[in-house]
Amino acid sequence: MAEAILTGLVETIGGVTPIYLLVGALLGLIFGVLPGLGGCACVALLIPFTYGMPPHQAMVMIAAAFGAVPFGGSISAILLNVPGTAPNIATTFDGYPMTQKGRAGEAIGTSAAASALGAVFGLLILVMLIPVVRAIIMSFGPPEFFMMIMFGLVSIPMFTRGNFIKGLFAGAFGLMLAFVGFDLTTGMLRYSFGTLYLYDGIKLIPLVIGIFAISEAINLVTKGGTVARVVSKHKFSDVIEGVKNVFRYKVTFLRSSALGTLIGIIPGMGGVIANVFAWITAAQLSPNREKFGTGEVEGVVASESANNSKDGGALLPTLAFGIPGSAEMAVLLGAFLLHGLPVGPRMMGEHLDIVWAIIFALLISNILVALIGVVTAQHLARLSGVRGNIVAPIIICLSFMGAFAITGNPYDILVALIFGFVGFLMVRHDFSRLTLILGFVLGKLAEESFHQSLIMSDTGVLIFLQRPIAASFFILLILLVLFLNVILPMRRRKARQQKEG
Amino acid sequence: MKKGRLLILLGCIFLGMLLVALPLMAACAPAAKVEYPTQNIRYIVHSKVGGGFDVFSRALGPYLLKNLPRETNIIYENISGAGGAESYAMVYVAKPDGYTIGLMNVPGASVSPYIMPVKYDLSKFTYLGRGCRSIHGLFVNKKSPYHSLKDLQQAEIVKFAAVGIASTSYLMGIIAAKECGFNMGEVVQYKGGTATITAVVRGDTEALFMDMDSVYSRAKGELRPILTLDTERYALYPDTPSIVELGYPELAGLCNNKIFYGPPDMPAEIAKILGDALWKAVNDPGFIAWGEKADRAVRGQLKADEARELSLGWMQKLEKYKDLYPQK
Amino acid sequence: MSQRIKPKFWRDAGFYFSVLLLISVVLVIVLSLPFPYRAKLFPLIVGSIALPLIVIDILGKISTRISNKIGALRSAELFDTTAVEKYQSAQTTQAEGTQISYPALLKIALWFIGYFVLYYFLGYLPATIIFLFCFLKFYAHYSFKISAVITGVAAIALWAIFTVFLNLPPIKWFFS
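Residues numbered from 1 in each chain as written. Chains lettered and ligands numbered in written order. Predicted model: local features only at pLDDT ≥ 70, side-chain atom pairs only at ≥ 80, totals over all residues. Heavy atoms only, no water.

What am I meant to see in the environment of C:Ile56 here?
Along the polypeptide, C:Ile56 turns up in helix H2 (residues 37-62). Residues C:Ile56 and C:Asp12, spaced 44 residues apart in sequence, show a C-alpha to C-alpha distance of 16 Å. (Helix = DSSP H or I, 4+ residues; strand = E, 2+ residues; numbered from the N terminus.)

Structure below.
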């Protein structure tokens, strides 16, 4: 093992490979920043490029690329409310409000530190969990998925700022959007109005680009002024403050990284769920929970550390079993095949050095782009001072490109545009976009795993209680509902009575 | 008339005659050898990057380029909507100039018209050959009580997993269940081949039909093979009987086919150039060696007309089984 | 606390938006009825949660008495009056943040739809160049020089990334 580690390290930093690592990292950063592109597109681009290269060099470059993507995505999430990749969604929830309050530099600093440290954490866990990974994968089936998702869905009411009824409705509406398209378990084509386009349903990326990016662009154009509503001098010390935040919220960081890694390990749960779940959980457990969604930096810590630790987690089933832990991992496996590397248990048996090279590349790339982020943050933060009239059309152009570039289907742009206006009207009339996205993301997996569980089950609905992990989630769910709807209000009432008394 | 003007007039008449005569001359000239390829070739893959068909196509690229008469590039486009139907529709309406080709999954493409509104007609494509065919088998969880086809036939119900209703694994399941007489019950659908294999390994479901190469590299030892859908036993699973041995030879053709195709009405010379180049590429020892190293054996290469027959054959077969699918 | 005088509900654009949402929910529910049981289970459950919510919201817009009661329902504190005040003040501050005239919104919509149409027929590069320049010059009223410079830089950057790297065809050929 030690030999493999050493060989892996040498492969990563020896010879010309560091140059490829750097190129991969920079490319990943750019692809992360540009909305709609992301890990999959970046790796897809690199695969033909690496064709003649020795396998270890190719893998280092590819790993560096998808390691840099999450942080890149957080930059546009924070500065423009445009998640650079879908797994950066939760970073917009608190990152953008921070920018609006003039704290963009701090936000980017926090994100950089959380991303780099989250990645380190994820990789450490990866190494430690190798012996038990099989047990983890084997324990998480559809019933467990369903209970986990319900856990998330039940907390939606918590995030309804302002109008409770409208927030809840937005969540339900998001769920309804998730039902459009071909249903896996029944073979039914729902709400597609006869079009082939809606066969796959409403796609996440155009939806997110529309509801967040385009609606924000519309807002900037109509409001005038600048992104940041507060004029502030962006100093380097703000960025350092941001970095320190990760240490201030140690517990949140550790918990979110652990959650991200775990969700990454479970094949079938992607980066969006990791990001959003970590944020939800942090909000549930934080004493500042009311501030989440208004620029609470703890939210950025949670979402970004989970976002990056998930990559370490996702590598585990990918390398150990050839089971992709996330969409990017599926593309990585394709890269393995193309380079004649085995997919499945043989990979760790025969090419442990390349496995370690990938781990090192991921590590170095994350730290590298985080450093780049910290150094450039205060300058990037100045972008928030640029006039909305210029930023808005640029966002529109990038949004159109992002929605279009991956699939080449112009109707994706139309979807983004429609939801852009819907999103704008939602903000105007006090419906929460946050809960809509939560409902959408969780809805698809919820229904699928529910029906899969029922078909699998010999005992109907009881299957959720018969499997230990699913049952535990169910109990946690009940406790959460009680906590949010009975205990919290009681505490508030008591606090108010004490104040008045 | 002045001399100059006369000269100009004569010049114009001459030019005019030339302009009329030249095309006529060209039309009467013996057919020049067709210059192909002179620009980049678009290769449409119906799955996301990294999927089986995608990797196959990209690995094939250099070998294909090697065998084309002129130098060019291949530009890959991944159009993964609607289980592939979008990519087939795109190629269907592309210009048949030889610069748009693709890789099709048969019978995946044959199933789609029964479950969604498709915009292509399989019988009209220009077929260029078959690159590879899979060997599928029936697997069960190694802890399950089933050891042979007989066990399955005697069981009351066997819980199957499949990769979605439009998938080959599901199609094979329903055909085999009908012809061999075992009860599949309701099939649990999963997204992606790996998730389906994992589900059976985990024990959530009991059985599945799957590409034997995939199972070998991902779950060797975890799943017990019951039968091989082929005319003979597969070298990787020497103890597993073939479907012919078990008495159902008509099911031996159930497999995934990677079929090269182009838009309808491609000119015959260009189709021939492509077909020959693809044939040489898929038979290239370098490519076959890659296949073996990547646990994705390249086998069953066919030429253009045989590929066409295969696809049309599947269309006919599905007519027989279409009632097993939920109606549109 | 100065109460903002609420406009009559039929003048409130929010009312029409909510009605639109109501129609969508009804559509989802109605369209799901012919589905087989399993396919309509979730849509019906979610629909039956969404329907009363949006109806309550619309009723709240019509009658202020109902909207006060709703505000009190938040956090299950039915008879706590402080919650009502908090709710009402939250309403006023939120809505005031995004004042806009709907004709202006329509104008923006037309600009973006125009961009989409250009995209569809011309491909991304010509569409982006035309849109960006025209928008900066004619909508945002920047000078010719600034508009041209920004458009140029953006076009080159997009071309470099999307055509050179990703092989996206910049200009749509009319026969493809």
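Following the structure, the description resumes.
Would you mind showing me how to read the interface of chain A and chain B here?
Accessible area lost during the coming together of the parts is what is often quoted as the interface size. Every contact between the two is made by 46 residues of chain A and, on the other side, 43 residues of chain B. Carbon and sulfur atoms make up 58% of the surface buried where chain A meets chain B, a total of about 3600 Å² over both sides. Summed over the three residues of chain A that lose the most area to chain B, namely A:Leu196, A:Leu337 and A:Ile455, the buried surface amounts to 18% of that side. Linking chain A with chain B are three salt bridges, by the criterion used here. Linking chain A to chain B there are eight residue pairs in polar contact (both at pLDDT 80 or more). If one sorts the elements of the side of chain A that touches chain B by residue count, helix H15 (residues 327-338) of chain A sits on top with six residues. Here the residues of the side of chain A that touches chain B are counted per class, giving 27 nonpolar, 13 polar and six charged. (Contact = heavy atoms within 4.5 Å. Buried area = accessible area lost by both parts, 1.4 Å probe. Salt bridge = Lys/Arg side-chain N within 4 Å of Asp/Glu carboxyl O. Polar contact = N/O pair within 3.5 Å; in protein donor to acceptor, adjacent residues only side chain to side chain. Nonpolar A, V, L, I, M, F, W, Y, C, P; charged D, E, K, R; others polar.)

What's the story with the interface of chain A and chain C in this structure? I'm lost.
Tallying the contact residues gives 67 residues for chain A and 65 residues for chain C. At the junction of chain A and chain C, the tally comes to one salt bridge. The salt bridge involving A:Lys166 is made with C:Asp57; its shortest N-O contact spans 3.9 Å. Across the contact surface, chain A and chain C share three residue pairs in polar contact (both at pLDDT 80 or more). Of all elements in the fold, only helix H2 (17-33), helix H9 (164-178), helix H10 (204-223), helix H18 (388-405), helix H19 (410-428), helix H20 (433-456) and helix H22 (468-500) of chain A reach the threshold of two or more residues within the side of chain A that touches chain C. The element that contributes the greatest number of residues to the side of chain A that touches chain C is H19(A), accounting for 12 residues.

Help me out: how do you make sense of the packing of aromatic side chains in this one?
The geometry of an aromatic ring pair comes down to the distance between the two centres and the angle between the two planes. Tallying each qualifying case throughout the model produces 49 aromatic pairs over all chains. For the ring pair B:Tyr43 and B:Tyr76, a centre distance of 5.3 Å and an interplane angle of 55 degrees mean the geometry is tilted. Separated by 33 residues along the polypeptide, B:Tyr43 in strand E1 (residues 41-45) and B:Tyr76 in strand E2 (residues 74-78) bring together distant segments of the chain. By the burial criterion, B:Tyr43 is buried, and B:Tyr76 matches it. With a centroid separation of 5.4 Å and an interplanar angle of 85 degrees, the aromatic rings of C:Trp111 and C:Phe135 are classed as edge-to-face. Of the two residues, C:Trp111 sits in helix H5 (residues 102-122) while C:Phe135 sits in helix H6 (residues 124-139), which places them 24 residues apart along the sequence. On the accessibility criterion, C:Phe135 (0% relative accessible area) is buried. Joined through ring pairs, the aromatic side chains of A:Phe400, A:Phe404, A:Phe421, C:Trp111, C:Phe112, C:Tyr115, C:Tyr119, C:Phe131, C:Phe135 and C:Tyr139 make up one cluster. Sitting over the face of the ring of B:Phe53, B:Lys258 holds its NZ or CZ atom 4.7 Å from the ring centroid. (Phe/Tyr/Trp six-rings, centres within 6.5 Å; stacked < 30°, edge-to-face > 60°. Buried < 20%, exposed > 50% of the residue type's maximum accessible area, 1.4 Å probe, protein only. Lys NZ or Arg CZ within 6 Å of the ring centre and 35° of its normal.)

Explain unusual backbone geometry here, please?
Both trends apply: most residues other than glycine have a negative phi, and most peptide bonds are in trans. In this model, B:Tyr36 is joined to B:Pro37 through a cis peptide bond whose omega is -10 degrees. Relative to the assigned elements, B:Pro37 resides in the loop between helix H1 (3-28) and E1. The linkage connecting B:Val106 with the following residue, B:Pro107, adopts the cis geometry, with an omega of 15 degrees. When you line up the elements, B:Pro107 lands in the loop between strand E3 (100-106) and helix H4 (108-115). If you check the backbone angles, A:Asp430 has positive phi at about 70 degrees while not being a glycine. Within the secondary structure layout, A:Asp430 lies in the loop between H19 and H20.

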